[in-house]
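In case you want the letters, here they are:
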Amino acid sequence: MEDTSITEYYASDMEQIQTIMENKSVRIRYCDCDLNDDGLPDKIVILRSSFHTGSRGDWFEILLNKGETYIPVFGAAFGLCMQDESMTPAGEVSLLESVHEGFHDIRVCPNGNEGLLTYINGTYDYEVLQYDAYGTVSHRIPQYLVL
């Protein structure tokens, strides 16, 4: 499944990689979800390329849909996929029922760790948690291959 809005959003990143990197492949996994219940599909994205991937994992980003564009509200390197060609999920991302400042909390389990993303003052804040400290899971976030 491919969403042209996501490839357009990352077009300049992909152009830079095509120009300066030896390994020119860019893979994007994403999920649409409405993080603030405004009826617009926000994106949870995983980027893999020689530019976006390192020893801590692939680039994980949360993009809020503002109609004509997206606004990044979180970004970090997380080990959520196997470091192979398949990008097999190795971690979990779950949208929670709990809400802060009108935005759903997100449970992230990269590299065997439990973490909570909470929306505070215009961005998601990441906190490492103890097992089972995250609350009720609303639904799990699937990962779709885009490129």
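Up top you'll find the structure we're talking about.
A brief look at the structure comes next. Given the structure is predicted, the values throughout are model-derived calculations rather than measurements.

A look at the overall build of the protein chain
Then, number 1: In terms of regular secondary structure, the protein chain is built from two helices and ten strands.
Then, number 2: Element order for the protein chain, N to C, with α for helix and β for strand: α-α-β-β-β-β-β-β-β-β-β-β.
Then, number 3: Evaluated residue by residue, the protein chain yields a buried proportion of 45% over its 147 residues.
Then, number 4: Counted over contacts in the protein chain with a minimum sequence separation of 6, partners at least 24 positions apart contribute 46%.
Then, number 5: For the protein chain, the exposed surface amounts to about 7,700 Å²; the carbon and sulfur share of it is 50%.

A closer look at unusual backbone geometry
Then, number 1: Here the phi dihedral of Asp37 falls at roughly 55 degrees; this positive angle occurs in a residue that is not glycine.
Then, number 2: Position of Asp37 among the secondary structure elements: in the loop between strand 1 (27–33) and strand 2 (42–48).
Then, number 3: The class for Asp37 is exposed, based on a relative accessible area of 54%.
Then, number 4: The phi dihedral of Asn121 falls on the positive side, at around 55 degrees, and the residue is not glycine.
Then, number 5: Of note, Asn121 is situated in the loop between strand 7 (114–120) and strand 8 (123–129).

Things to note about the environment of Asn36
Then, number 1: Residue placement: Asn36 occurs in the loop between strand 1 and strand 2.
Then, number 2: Each C-alpha atom of the pair Asn36 and His100 lies 9.5 Å from the other, and the pair is 64 residues apart in sequence.

Quick notes on the nonpolar core
Then, number 1: If you look at the biggest cluster of nonpolar residues, it comprises 22 residues, and the most contacted ones within it are Leu35, Phe60, Ile62, Phe74, Ile106, Leu117 and Tyr124.
Then, number 2: In this structure, Ile6, Tyr30, Val45 and Leu63 belong to the second largest nonpolar core, which totals ten residues.

Quick look at the pattern of salt bridges
Then, number 1: Tallied over the full model, the rule gives three salt bridges.
Then, number 2: A salt bridge links Arg107 to Glu92; its shortest N-O distance comes to 2.8 Å. Separated by 15 residues along the polypeptide, Arg107 in strand 6 (residues 103–109) and Glu92 in strand 5 (residues 92–100) bring together distant segments of the chain.
Then, number 3: Put simply, Arg107 and Glu114 hold a salt bridge, and the shortest N to O gap is 3.1 Å.
Then, number 4: Residue Arg107 is classed as buried on the basis of its relative accessible area, which comes to 6%.

Examining the packing of aromatic side chains
Then, number 1: Tallying each qualifying case throughout the model produces seven aromatic pairs.
Then, number 2: Summarising the aromatic geometry, the rings of Phe60 and Phe74 are spaced 6.2 Å apart at their centres and angled 70 degrees between planes, so their arrangement reads as edge-to-face. Highlighted residues: Phe60 in strand 3 (residues 58–65) and Phe74 in strand 4 (residues 70–78), separated in sequence by 14 residues.
Then, number 3: Its relative accessible area of 1% is what places Phe60 among the buried residues.
Then, number 4: For the pair Phe78 and Tyr126, a centre-to-centre distance of 5.0 Å together with 50 degrees between the ring planes defines the contact as tilted. You can see Phe78 sitting in strand 4 and its partner Tyr126 sitting in strand 8, a full 48 residues away along the chain.

A word on the pairing of strand 2
Then, number 1: Across the seven residues of strand 2, seven count as buried, placing the element largely inside the fold.
Then, number 2: Relative to strand 2, strand 1 is paired through seven bridges, and the arrangement is antiparallel. Each bridged residue has a counterpart across the sheet, and for Ile28 the counterpart in strand 2 is Leu47.
Then, number 3: Pairing geometry for strand 2 and strand 3, over five bridges, is antiparallel. Within strand 3, the residue paired with Leu47 across the bridge is Trp59.

Parameters and conventions
Residue indices begin from 1 for each chain and proceed along its sequence in written order. Local features in this predicted model are restricted to residues of pLDDT 70 or higher, and side-chain atom pairs are both shown and tallied only at a pLDDT of 80 or more, whereas totals for entire chains, interfaces and linings draw on every residue. Side-chain measures here rest on the full set of heavy atoms in the structure, leaving out hydrogens and waters. Under the scheme used here, helices are H or I runs from DSSP no shorter than 4 residues and strands are E runs no shorter than 2 residues, and both carry numbers assigned from the N terminus. Categorising residues by exposure relies on relative accessible area from a 1.4 Å probe, with only protein chains included: less than 20% of the type maximum marks a residue as buried, more than 50% marks it as exposed, and the intermediate range marks it as partly exposed. Contacts are residue-level and defined by heavy atoms, with any inter-residue pair within 4.5 Å sufficient. What sets the accessible areas is the Shrake-Rupley method with a 1.4 Å probe; for residues, cover comes only from the shown protein chains. Among buried residues, those of type Ala, Val, Leu, Ile, Met, Phe, Trp, Tyr and Cys that are joined through side-chain atoms within 4.5 Å constitute a nonpolar core. Note on definitions: salt bridges are taken to be side-chain nitrogens of Lys or Arg within 4 Å of carboxyl oxygens of Asp or Glu. Only the six-membered ring of Trp is used, alongside the rings of Phe and Tyr, when aromatic pairs are assigned; centres must lie within 6.5 Å, and planes under 30 degrees apart are stacked while those over 60 apart are edge-to-face, with the rest tilted. Two strands are counted as paired when DSSP detects at least two bridges linking them.

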